[in-house]
Amino acid sequence: MEGQKPKIFSGIQPSGELTLGSYMGALRSWKALQDDYDCVYCIVDMHTITVRQKPAELRRRAMEQLAQYLAIGLDPERCILFIQSHVPQHAELAWILGCYTQFGELGRMTQFKQKSQQHAENITAGLFTYPVLMAADILLYQADLVPVGADQKQHVELCRDIAQRFNGIYGDTFTLPEPFIPKLGARIMSLSNPENKMSKSEPEGCVFLMDRPEDIRRKFKRAVTDSETEVRFDPAGKPGVSNLLTIYCSATGKEIPEAEAEFAGQGYGAFKAAVGDAVVELLAPIRQEASRLLGDKAYLEGIYRRGAEAAQCQARKTLSKVQRKVGFLPR
Ligand code: TYM
């Protein structure tokens, strides 16, 4: 599988169900890029325990997430799909990179600031060093490109800074990665509070890939808009309507002006119903396929085992190079 193609790495935490936001911001790009890149896609369970988890639920969600990766169209013959904790090199490289990362850099990370507010009773060292582990994920595979939503851009930039610093000291070691952020759908907003990012922590404004069609339609019907009637794209002035237009276009492949024209003079009721229908049409086959795959645990286990082996093969190469460069004695 390793060839001349440029490399991609990305991951999602099994910290909850996959959302429409993670689909439009990241997963859709993952699928589109698998033809032209060597792709490594991960279920980052080690990142997930930076916030307290129920062990049985974490296990279940990791398995469900793998089924959903496959159901959206990631092809295990073309990309490596694996679980982060199965490849110990992630933690080993993270330790080393942590020694090349400044305390101040980590303190400036927006996600750390937000999460330490949300979990004020449990601000762990893991939560603080989270971006270092993420840098290790990316750099182990010498990724050129990291497809993520807009909220992860800062972490990818920090990864690049760490890589550059390391290369500056020891000579070329790591490929410098770039974030790949889609033009449309990089930041899907909450349906109930369109000033905020759509997130699993606010379930009523969040659509999950595994939601039933009736729940999806209900969430869109209740979506917050504004006191006007015009379907027009204006994120600052009309955040709710603009978010719905983004979701509609991301789901159907239409352009924003085309969608504005389609709903001209129709009022918000018909518009919201049409967005709901478009999302149902997008997600129903994914839900069906993921449910089918979850019935075949042995198949899923085979995929993640094979993925871990292939990933480890690449990760070992980078790690031993790094260990040599920093001066560890070979065994
Ligand atoms: P996480 O687990 O939050 O993964 C979600 C992915 O989906 C994107 N996303 C969104 N995009 C648009 N609109 C939204 N409302 C929305 N919500 C989520 C996120 O940007 C992300 O791409 N730190 C990462 C996980 C990670 C990782 C990595 C990513 C760990 N190691 C290495 C890339 C490379 C995270 O918390 O994503």
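Above this note sits the structure.
What you see is a predicted model; the values in this text were computed from it and never measured.

Scoring rules and cut-offs
- Residues numbered from 1 in each chain as written.
- Predicted model: local features only at pLDDT ≥ 70, side-chain atom pairs only at ≥ 80, totals over all residues.
- Heavy atoms only, no water.
- Buried < 20%, exposed > 50% of the residue type's maximum accessible area, 1.4 Å probe, protein only.
- Helix = DSSP H or I, 4+ residues; strand = E, 2+ residues; numbered from the N terminus.
- Pairing = 2+ DSSP bridges.
- Right-handed = clockwise from strand over helix to strand, strands pointing away.
- Core = buried A, V, L, I, M, F, W, Y, C linked by side-chain atoms within 4.5 Å.
- Contact = heavy atoms within 4.5 Å.
- Expected span 1.5 Å × (residues − 1).
- Bend = angle between axes of the 7 residues up to and from the residue.
- Phe/Tyr/Trp six-rings, centres within 6.5 Å; stacked < 30°, edge-to-face > 60°.

(A) Just the pairing of strand β2 (residues 38–43), in detail. Burial analysis of β2 places six of its six residues in the buried class, the great majority of the element. The pairing of strand β1 (residues 7–12) with β2 spans six bridges and is parallel. Bridge pairing in β2 links K7 to D38. A crossover connection joins β1 to the parallel β2 through helix α1 (residues 20–33); in handedness this β-α-β unit is right-handed.

(B) How the structure looks around the nonpolar core. Counting 61 residues, the largest nonpolar core has L20 and F220 as the members making the most contacts within it. By residue number, the principal contributor to this core is helix α12 (residues 267–294), which donates 11 residues. Those residues in contact with L20 that lie beyond four places of it in its chain are M198, V207, L209, F220, I247, V279, L282 and L283. Among the nonpolar cores identified, the runner-up in size contains 44 residues, and F128, V132, V148 and A163 belong to it.

(C) Geometry of α12. In this model, α12 (28 residues) spans 41 Å end to end at C-alpha, consistent with the 40 Å of a helix rising 1.5 Å per residue. Where α12 bends most, at L283, the angle is about 30°, and the proline P285 comes one to four residues later.

(D) Examining the packing of aromatic side chains more closely. Applying the stated criterion across every chain, the model contains 12 aromatic pairs. Ring geometry for W30 versus Y41: centroids 4.4 Å apart, planes at 5°, classification stacked. Of this pair, W30 sits in helix α1 while Y41 sits in strand β2, placing them 11 residues apart in sequence. Considered together, W30 and Y41 belong to a single accessibility category, that of buried residues. Geometrically, the ring pair formed by Y248 and F263 is edge-to-face, given 5.1 Å between the ring centres and 75° between the ring planes. Here F263 lies in the loop between α11 (256–262) and α12 and Y248 lies in helix α10 (residues 239–252), a separation of 15 residues in the sequence. F263 carries the same exposure label as Y248, and that label is buried. Each residue in the set Y100, F166, Y170 and F174 is aromatic and connected to the rest through ring pairs, giving one cluster.

(E) Just unusual backbone geometry, in detail. Phi is positive for Q142, which is not a glycine, with a value near 55°. Here Q142 is to be found in the loop between α7 (125–140) and β4 (145–147).

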